[in-house]
Each structure stands twice: as C-alpha cells, then as structure tokens.
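What follows is the residue order along each chain.
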Amino acid sequence: MILILNRIYNVAGAISAWLILAICGLVCAQVGLNMFGRLMPGVLPSTIPSYADFAGFMLAGSTFLAMAYTLRSGGHIRVGLVVQRLPRQVALVAEVLVILVGIGFAGYATWYAGALVAESLHYGDVSNGIIPVPLWIPQSVMVVGLSLLFVALLHTAYDLCTTGRSVLGNPDEV
C-alpha cells in the first residue's frame, strides 16, 4: 500500500510539473501571436481566447497537485529553530502534533472544496472569460490535490508513530 501511495504522490508531482510546462508553452504561444500580429496584422489572431484563465487554472492545478509530493519529499519549509533544541522524544511529539493539526486543516479544506465543486455543479457555474469553462473542472483538480495532501499527512503521521522518528526528508531547514 505504501508503494502505491508513493507512486500516486509521484504521479501527482509529475502532472504538476507538466502543468507548469504547459503554462510556459501557452504564454510563449501568446507572446508569439502578439509579436506575429504586430509584424503581419490580420494574418493570425492576436490572442489565444481565455489564455489567462487557462493559465490560472493550470497554475492552481499545479499548486494543489504538488502539495502531497512536496510534503513526502521534504520540500516544505520547516522551521527547526525550536524543534532542534528539544530532546528527541519531545521533538517527535511536537512533530506528531503539527502533523495532526495539518491533518485537521487539510481535511477541513478538502471538505469545503468538495462542497464548492458540488455547488458549482448545482448552479452550472462557468468562468467569465471568452471561453466559458465549467468551474467544477478546475475545482475538482483542487479537491484531488487537497485529498492527496490529507492522505499524505495521514501517511506521515502513521510513519512517525510506527518508526518513532521523523520520516520527512531533511533538506536545508530555515
């Protein structure tokens, strides 16, 4: 089961990276169209319809999909100024408490993001750009990312309690 979870986190992180690359491609295409439109007006359209909306949706999707991967790889900024001065057992308890608080926040956010998706589906909400996009689509990606973060936090709490030591990567701490 742990290997499956790690693969899911890695896939979500990879999708997140591809979304960032897609944003770069979209923005470059828009800049190219602007430049081409000034050199040869009227040959091609000067804008990609709703490109800013699509870039925003991809950025939100990338942000939320990357959270679980970043947590499990130790990429979140952790302030160790206080914890590193605590005895090992007290530091472990502090880390478990922080993870439990994170589980609470992630669960709360996931629940209400899911309610937002349900509301968008119920009312048929769409974006107000040139191309109307049903808002439940990008909101669902947010719910998936938050759900993965919730599961990753549960996974981390389980690992902390079973191993008795910090399981998150230890990059340079701030």
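Everything numeric in this text was worked out from a predicted model, so none of it was measured.

Student: Help me out: how do you make sense of the overall build of the protein in this one?
Tutor: Helix and strand counts for the protein come out as four helices and zero strands. Computed over C-alpha atoms, the radius of gyration of the protein comes to 21 Å, more than 25% over the 16 Å expected from 2.2 N^0.38 for 174 residues, which places it beyond the range of a compact globule. In the protein, which comprises 174 residues, the share counted as buried stands at 30%. One way to put it: in the protein the 7 positive side-chain charges average out to a point 13 Å from where the 7 negative ones average out.

Student: Looking at this model, I keep getting lost on the side chain of His155. Mind explaining?
Tutor: As for its placement among the helices and strands, His155 is situated in helix 4 (residues 136–163). Judged by its relative accessible area of 5%, His155 falls in the buried class. If near-sequence neighbours (up to four positions away) are discounted, His155 is found in contact with Ile2, Leu5, Asn6, Tyr9 and Arg72.

Student: Would you take a moment to explain the packing of helix 1 (residues 2–39) against helix 2 (residues 51–72) for this structure?
Tutor: Where helix 1 meets helix 2, the axes come as close as 8 Å, and the angle between the chain directions of the two elements is 155 degrees. Taken together, helix 1 and helix 2 sit at an angle that is classed as roughly antiparallel. Helix 2 is crossed by helix 1, and the crossing has left-handed handedness. The residue inventory of the contact of helix 1 with helix 2, partitioned by class, reads 17 nonpolar, seven polar and one charged.

Student: I tried to follow the packing of helix 2 against helix 4 on my own but got confused; where do I start?
Tutor: For any two helices packed against each other, the geometry is given by the interaxial angle and the distance between the axes. Between helix 2 and helix 4, the shortest axis-to-axis distance is 8 Å and the interhelical angle comes to 10 degrees. As summarised for this structure, helix 2 and helix 4 are arranged roughly parallel, according to the angle between their axes. Split into classes, the residues belonging to the contact of helix 2 with helix 4 amount to 15 nonpolar, four polar and two charged.

Student: Can you walk me through the pattern of salt bridges in this structure?
Tutor: Where charged atoms from two side chains of opposite charge approach closely, those side chains can pair. Taken as a whole, this structure holds one salt bridge when the rule is applied. Here Asp159 makes a salt bridge to Arg72, at a shortest N to O gap of 2.9 Å. With Asp159 in helix 4 and Arg72 in helix 2, the pair connects residues that are 87 residues apart, well separated along the chain.

Student: What's the story with the nonpolar core in this structure? I'm lost.
Tutor: Taken as a class, soluble globular proteins show a tendency for nonpolar side chains to be buried jointly. Membership of the largest hydrophobic core comes to 28 residues, with the highest contact counts inside it found for Ile99, Leu149 and Leu153. For this core, the elements supplying multiple residues, two or more each, are helix 1, helix 2, helix 3 (88–123) and helix 4. Ranked by the residues each element gives to this core, the list is headed by helix 4, at nine residues. In contact with Ile99, not counting residues within four places along its chain, are Leu153, Thr156, Ala157 and Leu160.

Student: Would you mind going over the side chain of Gln30 with me for this structure?
Tutor: With respect to the helices and strands, Gln30 occurs in helix 1. Owing to a relative accessible area of 3%, Gln30 belongs among the buried residues under this scheme. Residues within four places of Gln30 in sequence aside, it is in contact with Ser46, Thr47, Ile48 and Tyr51.

Procedures and definitions
- Residues numbered from 1 in each chain as written.
- Predicted model: local features only at pLDDT ≥ 70, side-chain atom pairs only at ≥ 80, totals over all residues.
- Heavy atoms only, no water.
- Helix = DSSP H or I, 4+ residues; strand = E, 2+ residues; numbered from the N terminus.
- Rg over C-alpha atoms; globule rule 2.2 N^0.38 Å.
- Buried < 20%, exposed > 50% of the residue type's maximum accessible area, 1.4 Å probe, protein only.
- Lys, Arg positive; Asp, Glu negative; His and termini not counted.
- Charge placed at Lys NZ, Arg CZ, Asp CG, Glu CD.
- Contact = heavy atoms within 4.5 Å.
- Axes fitted to C-alpha atoms, helices over the stretch in contact; angles between N-to-C directions.
- Parallel < 35°, antiparallel > 145°, perpendicular 65-115°, else oblique.
- Left-handed = near helix turned anticlockwise from the far one by under 90°.
- Nonpolar A, V, L, I, M, F, W, Y, C, P; charged D, E, K, R; others polar.
- Salt bridge = Lys/Arg side-chain N within 4 Å of Asp/Glu carboxyl O.
- Core = buried A, V, L, I, M, F, W, Y, C linked by side-chain atoms within 4.5 Å.

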